[in-house]
Amino acid sequence: MMMSKILLLFLLVLLQLIPSLRSASTRHWLSKPLIGDDGRIYVCSHKTFLAFETNGTIAWSIRVDYTCNLDMAPVHAGHRKIYLVAENRILKINYGNIETSEPTVEVFFGAEPGQKAESEIVGLSVSTLSLTVFINIKNHGLFAYQSHGRLLWSVGPLLYQFGYRQGCKKNLTDCSFASAPVLDQCEASIYIANTEGQLYCLSVRGRDFRWIQDFSSLDKNFTITPGNNGHLYVTVPTRALVLAIDVFSGNILWQGSVGPLSKVDCAPVVDSNGWISIGSLDGFLYSFSPTGILKKFSRRNTENSIVQVGPFLDCSGFAVYSSQIEMEGKVSHSIGEYTSVSAIRPKAAIFTMLVPATGSIYWSEVYPGQLSILLSKSDLSQFVVNEEILLTFLAASKVDTPLSCRTFGQKLASSCSQARNKLVNIYSGNERTIELFLLFESFMLMLLIGLVRFCCTFWSKKKLRDQGLGSFLDKRCSLQLQKKALVKTISELEKKAAEESVDNEVYQKLGHIVRKKERIERKLSTTYSLGRDRTNTQEKSMLPLQIGKAKSSSFQGEKKKVTMFQTLSDTSSESSIEGETDMFEVIDLSDKDKGKTLMVEVTSTSRNEEYFTNPLDVN
């Protein structure tokens, strides 16, 4: 790119004359800038609010009735609205109404026109999601207002938290909130510091404190930078320290040292990769990873170089713009833990666009260059341009790089996802590992279901409550062994009866064993059941079995004693055994009475009268 020595000399002279120019007149000074979602740069100068295009031309301007606070940047509120601090008032600028007859500027907070504003505004922030404005008023506290102006809540520094002294160590008259409220868009939290070096975390939905952390041992003055990635960053300029704070607990995750810093209110920037970057007077750009790994960047020899402002994020959110100024001379003085740097007569400046996470440099230019030529011919030449303004225009200019610009919502979603990634991801690895894990997970789930069913079955049993689990299981095991032995005995007797003739004593013994087995089965399926026992379908016995009393009947003049019987069938049930039974049977008589039948009614009997007899015996 083309160099211009004349513009370079003009810039250097301008930088040296800035203090005298500011003391002479503030009309052409610009406030801290804001890059809007539309890519324009919004600033305020004296009583005029301006919107600049990236080429330095004025897109539009609005006259306000109050002098702007140059140390506070405008705050974007969404829906084409911007809040601005001017003469201890907060002005709401609706620039969507620029081309209409509706008013575009109104006093959102503060004294009415013609009245003196006595309350000093320390800072403000706006939640675009909840449409809430948070205002810190000196010696009064933090106030939360809805976008239409209704007060939601207010809170001051705390003396006691959870029953013990915390927050302000002195009394409330000597302790107040001293910083601008900083908003974490992902966690819906507000961070604010008091005059004694304590940092407070509050919820945007109310006045409750989530945690309070004391940094007074380091210094009472520090800056707060939200990471929107589960981290909050505290910069202590006098100690040249950067600390990463866990937003959920307030604990310090890590801390890193940087070179001497240029201002007490200097603040780093956090990109979408979670890297935090800050420039130092030792000539380096310091960048820390989310875990605290440090990288240092420099484009020139750092012996006589300084980095005193920035960096600024580019429109993609992944890269940063930084400036390094080469001086004719630089001297450092160290006194204990503090270092001061003195530099004279800047010689050149180099602007760089890089990605801290990878160290890739996408663009670099020595000032002045093509950009400086454009700015010198634009409306920006009417104002005092410092290094911070130049970096802002560079960041908004969308230099030709492979990185695509993203909206505020896309960048916020990318950074917020980093906080969730701290959770353990069990599905990392190859497909085989995932399949094995899912199989193990299914097995554990089935085991859990079985255990729950087992416990529910047991604790619903009266026997278990009376005997205890150990006695219950011992009794069940004993009944199962008895049942197994009886089944074996019954099988042997039935086989013996089928193969050879047996006497009545064998049949009586078999009947007694069958009855005993039935009683055991009923106990196992009811009192001592595990919830899965079922009474097995009984096989039809090959031996006759009588239920009821013997009954006599006479026919054709002869009196014969007939003993009735029935066999156990598949339809036998618990109810038929325990209740009463009525039945009829037709029996063929001996050969001599062939062709004639006898119908005999078997009377109903109770279980106490039940007995087993031999097969049909006609005397």
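Think of each chain on its own: its residues are numbered from 1, step by step along the sequence as written. Confidence filtering applies because this is a predicted model: local features only for residues at pLDDT of at least 70, side-chain atom pairs given and counted only at 80 or more, and all residues used for totals across whole chains, interfaces and linings. As a rule here, side-chain values come from all non-hydrogen atoms in the structure, and water together with hydrogens is ignored.

By the naming in an unreviewed UniProt entry, the protein is Protein GAMETE EXPRESSED 3, taken from Vicia faba.

Engineer: Mind showing me how you'd approach the overall build of the protein here?
Structural biologist: Of regular secondary structure, the protein possesses nine helices and 35 strands. Counting across all 619 residues of the protein, residues that qualify as buried make up 45%. We call two residues in contact whenever any of their non-hydrogen atoms come within 4.5 Å of each other. Nonlocal contacts in the protein, meaning residues at least 24 apart in sequence, comprise 50% of its contacts between residues at least 6 apart. For the protein, the exposed area adds up to about 33,400 Å²; of that, 53% sits on carbon and sulfur atoms. Each helix corresponds to a stretch of at least 4 residues labelled H or I by DSSP, and each strand to a stretch of at least 2 residues labelled E; elements are numbered beginning at the N terminus. Residue exposure (1.4 Å probe, protein chains only): buried if accessible area is under 20% of the type maximum, exposed if over 50%, otherwise partly exposed. Note that accessible areas follow from Shrake-Rupley with a 1.4 Å probe, and for residues the cover is restricted to the protein chains shown.

Engineer: What is the right way to look at the nonpolar core in this model?
Structural biologist: Among soluble globular proteins, nonpolar side chains are generally buried collectively. Note on terminology: a nonpolar core comprises buried Ala, Val, Leu, Ile, Met, Phe, Trp, Tyr and Cys residues joined through side-chain atoms within 4.5 Å. One finds Phe52, Tyr321, Phe351, Leu380 and Leu391 to be the most contacted residues of the largest nonpolar core, which totals 30 residues. Mapped onto this core, the elements with two or more residues apiece are β2 (41-45), β3 (48-52), β29 (320-335), β30 (338-355), β31 (360-367) and α3 (387-396). At seven residues, the largest contribution of residues to this core is made by α3. For Tyr321, the contacting residues outside a window of four places in its chain are Pro311, Phe312, Asp314, Thr352, Met353, Trp363, Leu391, Leu394, Ala395 and Val399.

Engineer: Would you take a moment to explain the sheet that holds strand β17 (residues 198-203) for this structure?
Structural biologist: Sheet strands line up and pair through hydrogen bonds in the backbone, either parallel or antiparallel. Strands were regarded as paired on the criterion that DSSP finds at least two bridges between them. Strand order across the open sheet formed by four strands is β15-β16-β17-β18, with antiparallel pairing between neighbours. The two strands at the open ends of the sheet, each matched to only one other strand, are β15 (182-184) and β18 (209-214). Adjacent strand axes in the sheet meet at a mean angle of 20 degrees when their direction is disregarded. One ladder, built from five bridges, connects β17 with β18; its direction is antiparallel. Considered in β18, the bridge of Tyr200 is made with Ile212. Where helices are involved, their axes are fitted lines through C-alpha atoms of the stretch in contact, as for all axes, and angles between N-to-C directions lie from 0 to 180°.

Engineer: In this structure, what is going on with unusual backbone geometry? I would like to understand it.
Structural biologist: In terms of backbone geometry, most residues other than glycine have negative phi values and most peptide bonds are trans. For the peptide bond that leads from Gly310 to Pro311, omega is 0 degrees, which places it in the cis range. Mapped onto the elements, Pro311 comes out in the loop between β27 (305-306) and β28 (312-313). A positive phi is found at Arg80, a non-glycine position, where the angle reads about 55 degrees. With respect to the helices and strands, the residue Arg80 is situated in the loop between β5 (75-78) and β6 (81-86). Although it is not a glycine, Glu87 adopts a positive phi angle of roughly 50 degrees. Assignment of secondary structure puts Glu87 in the loop between β6 and β7 (89-94). Assessed through its relative accessible area of 35%, Glu87 is described here as partly exposed.

Engineer: Explain a nonpolar patch on the surface to me, please; I cannot follow it from the model alone.
Structural biologist: Two distance rules govern patches: like charges are joined within 9 Å, and nonpolar side chains (Val, Leu, Ile, Met, Phe, Trp, Tyr) within 5 Å, applied only to residues with over 30% relative accessible area and no salt bridge. Criterion for a salt bridge: a side-chain nitrogen of Lys or Arg within 4 Å of a carboxyl oxygen of Asp or Glu. Residues Phe440, Phe443, Met444, Leu447 and Leu451 make up a contiguous nonpolar surface patch of roughly 510 Å² in combined accessible area. Within the secondary structure layout, Leu451 lies in helix α5 (residues 431-459).

Engineer: Could you clarify how one ought to interpret the confidence of the model for the protein in this entry?
Structural biologist: Any residue range with low pLDDT should be treated as having predicted coordinates unsuitable for detailed reading. The quantity called pLDDT is the predictor's confidence in a given residue, expressed from 0 to 100. Model confidence for the protein is summarised by a mean pLDDT of 76, while 74% of its residues fall at 70 or above. Here residues 1-26 is modelled with pLDDT under 50, and outside its nearest four sequence neighbours on either side it reaches 33 contacts, counting other chains as well. Here residues 532-619 scores under 50 on pLDDT; set against residues more than four positions off or in separate chains, the count is 123 contacts.

Engineer: I would appreciate a short explanation of the sheet that holds strand β8 (residues 105-109) in the present structure.
Structural biologist: What the four strands build is an open sheet, ordered β5-β6-β7-β8; its pairing is antiparallel. The open sheet has two edge strands with one neighbour each: β5 and β8. Looking at each pair of strands side by side, their axes are set apart by 35 degrees on average, direction ignored. Two strands pair when backbone bridges link them, and β7 and β8 are joined in this way by four bridges, in the antiparallel orientation. Residue pairing across strands places Leu91 opposite Val107, the latter belonging to β8.

Engineer: Got a minute to help me understand the pairing of strand β24 (residues 276-279) in this structure?
Structural biologist: Within a regular strand, the side chains alternate between the two sheet faces. Burial of β24 is two-sided: the residues Ile276 and Ile278 facing one way and the residues Ser277 and Gly279 facing the other way are all buried. Linking strand β23 (residues 269-270) back to β24 in an antiparallel pair, the connection comprises five residues, with Gly274 at a positive phi of about 90 degrees. With four bridges joining them, β24 and strand β25 (residues 285-288) adopt antiparallel strand pairing. Residue pairing across strands places Gly279 opposite Leu285, the latter belonging to β25. Turn length for the β24-β25 hairpin, with the two strands adjacent in sequence and antiparallel, is five residues, and the turn residue Gly283 shows positive phi of about 95 degrees.

Engineer: Help me understand α3, please; the structure alone is not making it clear to me.
Structural biologist: Think of an α-helix as 3.6 residues a turn; residues three or four steps apart then line up on the same face. Of all the 10 residues making up α3, nine are buried; the element is thus mostly covered by neighbouring parts of the structure. Distance and chemistry together define a polar contact, namely a pair of N or O atoms within 3.5 Å, with one atom able to donate a hydrogen and the other to accept it when in protein, and with adjacent residues in sequence counting only for side-chain atoms on both sides. Residue Asn386 occupies the N-cap position of α3, its side-chain oxygen lying 3.3 Å from the main-chain nitrogen of Glu388.

Engineer: Hey, could you run me through the environment of Phe288 in this one?
Structural biologist: Structurally, the position occupied by Phe288 is in strand β25. Note on Phe288: relative accessible area 3%, which makes it buried. Taking the C-alpha atoms as reference, Phe288 lies 8.8 Å from Ala357; in sequence the two are 69 residues apart. Other than its neighbours up to four places away in sequence, Phe288 contacts Val242, Trp254, Gly256, Ser257, Val258, Gly274, Trp275, Ile276, Ile293 and Leu294.

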